Amino acid sequence: MANRTALDKTQPDWWKQAVFYQIYPKSFQDTDGDGLGDLQGIIKRLDYLQTLGIDGIWLSPVFASPQADNGYDISDYCAIDPMFGTMDDMEHLIRAAKKRGISIIMDLVLNHSSDEHPWFLEARKSRENPYHDFYVWRDGTPDTPPNDMQAVFGGSAWTYVPHLRQYYFHQFLEKQPDLNWENPALRNALYQAIRFWTDKGIEGFRLDVIDQIAKEPDRKITANGSRLHEFLQELHREAFPQAGIVTVGETWSADIDRARLFSAPERKELSMVFQFEHICLDQAGEKWDAIPLDLPRLKDCVRRWQQGLHTEGWNSLFFNNHDLPRIVSRWGDDTTYRVASAKMLATMLHGLQGTPYIYQGEELGMTNIRLPITAYVDPEIHNLYRDRLAKGVPEEEIMQSIWARGRDNARTPMQWNTEPFAGFSTAEPWLPVNPNYQTINAQAALDDPDSVFWYYQKLIALRKRYPVIGRGDFTLLCPQDTRVFAYVRRWNEQKLCVICNFTAETVPFAVPEDFDGAETLLANYKDTGAMLRPYEAKMLLVTAP
Ligand code: TEU
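The structure contained in this document is the topic of the report that follows. It should be emphasised that the depicted structure is a prediction, and the values quoted were computed from it without experimental measurement.

### Some remarks on the overall build of the chain
And step 1. Scanning the chain from terminus to terminus reveals 16 helices and 20 strands.
And step 2. What you see for the chain is a C-alpha radius of gyration of 23 Å, in line with the 24 Å of a compact globule of 545 residues.
And step 3. The dimensions of the chain, computed from C-alpha atoms along their principal axes, are 75 × 50 × 45 Å.
And step 4. Of all 545 residues assigned to the chain, the portion counted as buried reaches 61%.
And step 5. In the chain, once contacts between residues fewer than 6 apart in sequence are set aside, the share between residues at least 24 apart is 69%.

Written out as structure tokens, the structure is:
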């Protein structure tokens, strides 16, 4: 099979056929020996990404930042953080990637900035300062915040500034004050920053918590405020006038109806949503409280989204990102059946309609890690630990939650080879390397034709080769089966059947008769049997005129 079919990026909706790869730069590749990844490191690994066959990189934030939340706290939208390199490095990366057919998608945080952004430094000087209104302020006294809203990472969403006798609003950390989208001058300043990057050849943006920009704290509304769609349409008009810029909106609040509003092409808001319904099914309320995955619920969720957006909107396909634990540890088996289950999960996801996102290391079947509390860096983990300890939750129980769900599971350094620190750096990395790097690493994967890496490479190539994957409709098979996830996709004369055993058991499954004699496009076991073996997955194709 051809290694790579370049996409025609002159098509305005090229991203519908594309596969993206998310890089968390701090953990990808260090080249200057400070234990932190950098832009030169990404340039060094472009050949690896080209071999995998991806079309674009979602680059987590590399803007100037005090790094209170690993760059999701921006202090200058038009500068590169020195920790990652220089503007020259960034321009070099854009060019070098483009040469390989890879677009760079930057990760823009437009809901809030850092409290060290010059706008905020000005804003907090006085109520009369022209930048004051760039943020969300309410009057108050030191011990009575405007209301009881809580920040996502714990604690009040309001922080008092004594000399102003006002509180500012922050949905995330105190160091991440919310921007006031009601102010047209603020909106224009953001559009200018975006144009700065599109002028440099940036081909798209992942928009952090974009459904939360139209907040209305007086009504305790964060997501889906009344002016949200108006703001998104203006953003589209003012910041992305050129065709072909892709926008991926992180939308925790999106149900299918809202996702249509965000992504229906004629509404000119976002190219696609990045929504989390499927990945929240194994939790009871808070993400820290895990419950077993109920497969029929997952299947029903996927069916509703596949059918609900078909021809009406566009979805992202993902199991992982920098905020989520590793999928092979979550819904697969990260010991005995690590390779088989990583491939099975990839098959289930990459057979669907939407734009797939591969998070760094997912293509190697990288796993979760278990660290002592002191070794974690993520402020969300430390806040949880403190809060739950204070509530009397036993420490062992808190650690179980962190090991299963903490964000640092995704952020351990990329495992490149068996050298010290997994080839990520020559120095002690900012977060420990997973000790399993001796067996799980990119070099080992490249050397093994049966690795998870080459399986992903084939899945990417199949999407390019068979339009049924990108365009077909969706029919769920055996909705009540608690072990097998199987579905059929149809497009013109192509018919695809995807069959995945989500368990470590051998289970029966009757392949639909119309797939008798079908071609096996891909499978994670070499031979075929009457039963489905542990985590067995296959993709079958029939072409009938
Ligand atoms: O995440 C949005 C968000 O709400 C997350 O904080 C999510 O609830 C949490 O990770 C679940 O554990 C985005 C970014 O992806 C995240 O890395 C940032 O910390 C956050 O926004 C603030 O910018």
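On we go.
### Remarks on unusual backbone geometry
And step 1. One non-glycine residue, Lys268, lies in positive phi territory at about 50°.
And step 2. Inspection of the secondary structure puts Lys268 in the loop between helix H7 (256-263) and strand E11 (272-274).
And step 3. Unusually for a residue other than glycine, Asn492 sits at a positive phi of about 45°.
And step 4. Relative to the elements of secondary structure, Asn492 occurs in the loop between strand E15 (484-491) and strand E16 (494-501).

### Concerning the site of the ligand
And step 1. Close to the ligand lie 18 residues; Asp69, Asp208, Lys287, His322 and Asp323 are nearest.
And step 2. At 2.9 Å, a side-chain N or O of Asp208 approaches an oxygen atom of the ligand.
And step 3. Contacts to the ligand include Glu250, whose side-chain N or O atom sits 3.2 Å from an oxygen atom.
And step 4. Across the shell around the ligand, the residue classes break down as 6 nonpolar, 3 polar and 9 charged.

### Topic: the sheet that holds strand E8 (residues 166-169)
And step 1. Overall, antiparallel pairing links the 3 strands, which are arranged E6-E8-E7 in an open sheet. In the strand order of this sheet, the two ends are held by strand E6 (137-139) and strand E7 (158-161), each with one partner. Neighbouring strand axes in the sheet, compared pairwise and without regard to direction, differ in orientation by 35° on average.

### Remarks on the packing of aromatic side chains
And step 1. One pass over the full model with this rule turns up 34 aromatic pairs.
And step 2. An angle of 90° between the planes, with centres 5.0 Å apart, marks the rings of Phe196 and Trp197 as edge-to-face.
And step 3. With a relative accessible area of 27%, Phe196 lands in the partly exposed category.
And step 4. Among the aromatic residues, ring-to-ring pairing joins Trp14, Phe20, Trp58, Trp252, Phe274, Phe276, Phe318 and Tyr357 into one connected group.
And step 5. The ring of Trp14 carries Lys9 above its face, with NZ or CZ at 5.0 Å from the centroid.
And step 6. Lying over the aromatic face of Trp430, Lys26 brings its terminal NZ or CZ to 3.8 Å of the ring centre.

### Some thoughts on the pattern of salt bridges
And step 1. Per the counting criterion, the structure on display carries 41 salt bridges.
And step 2. Salt bridges linked by common partners bring Asp69, Lys287, Asp323, Asp378, Glu380, Arg407 and Arg411 together as one network.

### Structural notes on helix H3 (residues 87-99)
And step 1. With 13 residues, H3 extends 18 Å between its outermost C-alpha atoms, agreeing within 8% with the 18 Å of an ideal straight helix rising 1.5 Å per residue.
And step 2. Looking at the buried side of H3, the elements it contacts are helix H1 (39-44), helix H2 (46-52), strand E2 (56-59), strand E4 (76-80), strand E5 (103-108) and helix H5 (184-199).
And step 3. The opening residue of H3 is Thr86, an N-cap whose side-chain oxygen sits 3.3 Å from the backbone nitrogen of Asp88.
And step 4. The positive-phi residue at the C-terminal boundary of H3 is Gly101, with phi of around 75°.

### Quick look at the sheet that holds strand E1 (residues 20-23)
And step 1. With respect to topology, 8 strands assemble into an open sheet ordered E11-E10-E9-E5-E2-E1-E13-E12, the strand pairing being parallel. Only two strands of the sheet have a single neighbouring strand rather than two, namely E11 and strand E12 (316-317).
And step 2. Sheet analysis places E1 next to strand E13 (residues 355-359), joined by 3 bridges and oriented parallel. Paired with Tyr21 across the strands is Ile358, a residue of E13.

### Topic: the environment of Asp30
And step 1. Positionally, Asp30 belongs in the loop between E1 and H1.
And step 2. Each residue touching Asp30, except ones within four places of it in the same chain, is listed here: Gly35, Leu36, Gly37, Asp38, Phe424 and Ser425.
And step 3. A polar side-chain atom of Asp30 sits 2.7 Å from a polar atom in the side chain of Ser425.

### A short note on the side chain of Asp55
And step 1. In this fold, Asp55 is placed in the loop between H2 and E2.
And step 2. By relative accessible area, Asp55 is classed as buried at 0%.

### Looking at the nonpolar core
One recurring pattern in soluble globular proteins is that nonpolar side chains are buried together.
And step 1. In this structure, Met90 and Leu235 are the most contacted members of the largest nonpolar core, which totals 144 residues.
And step 2. Excluding residues within four positions of it along the chain, Leu235 makes contact with Leu110, Trp181, Tyr191, Ile194, Leu207, Ile210 and Phe240.

### Let's talk about the environment of Phe319
And step 1. Locating Phe319 in the fold gives a position in the loop between E12 and helix H9 (327-330).
And step 2. Residue class for Phe319 comes out buried when judged on its relative accessible area of 1%.
And step 3. C-alpha separation for the pair Phe319 and Thr347, spaced 28 residues apart in sequence, amounts to 12 Å.
And step 4. In this structure Phe319 touches His278, Ile279, Leu324, Ile327, Trp331, Leu345, Met348 and Leu349, once residues within four positions along its chain are discounted.

### What to know about the packing of H5 against helix H6 (residues 228-239)
The angle between the axes and the distance between the axes are what describe a pair of packed helices.
And step 1. The geometry of H5 relative to H6 is characterised by a closest axis approach of 10 Å and an angle of 45° between their N-to-C directions. Between H5 and H6, the angle falls in the class oblique. H6 is crossed by H5, and the crossing has right-handed handedness. Residue-level inspection shows Arg187, Tyr191, Ile194 and Arg195 of H5 in contact with H6, the latter providing Phe231, Glu234, Leu235, Glu238 and Ala239.
And step 2. When the residues that make up the contact of H5 with H6 are grouped by side-chain class, the tally is 5 nonpolar, no polar and 4 charged.

### Digging into the side chain of Ser425
And step 1. Positionally, Ser425 belongs in the loop between helix H13 (408-411) and helix H14 (442-447).
And step 2. Only 3.5 Å separates the side chain of Ser425 from the backbone nitrogen of Gly35, close enough to count as a polar contact.
And step 3. If we skip the residues at most four places from it in the chain, Ser425 touches Asp30, Gly33, Gly35 and Pro420.

Thresholds, definitions, all that
- Residues numbered from 1 in each chain as written.
- Predicted model: local features only at pLDDT ≥ 70, side-chain atom pairs only at ≥ 80, totals over all residues.
- Heavy atoms only, no water.
- Helix = DSSP H or I, 4+ residues; strand = E, 2+ residues; numbered from the N terminus.
- Rg over C-alpha atoms; globule rule 2.2 N^0.38 Å.
- Buried < 20%, exposed > 50% of the residue type's maximum accessible area, 1.4 Å probe, protein only.
- Contact = heavy atoms within 4.5 Å.
- Near = heavy atom within 4 Å.
- Polar contact = N/O pair within 3.5 Å; in protein donor to acceptor, adjacent residues only side chain to side chain.
- Nonpolar A, V, L, I, M, F, W, Y, C, P; charged D, E, K, R; others polar.
- Pairing = 2+ DSSP bridges.
- Axes fitted to C-alpha atoms, helices over the stretch in contact; angles between N-to-C directions.
- Phe/Tyr/Trp six-rings, centres within 6.5 Å; stacked < 30°, edge-to-face > 60°.
- Lys NZ or Arg CZ within 6 Å of the ring centre and 35° of its normal.
- Salt bridge = Lys/Arg side-chain N within 4 Å of Asp/Glu carboxyl O.
- Expected span 1.5 Å × (residues − 1).
- Core = buried A, V, L, I, M, F, W, Y, C linked by side-chain atoms within 4.5 Å.
- Parallel < 35°, antiparallel > 145°, perpendicular 65-115°, else oblique.
- Left-handed = near helix turned anticlockwise from the far one by under 90°.

Spatial relationships are all this shows, so hold off on functional conclusions.
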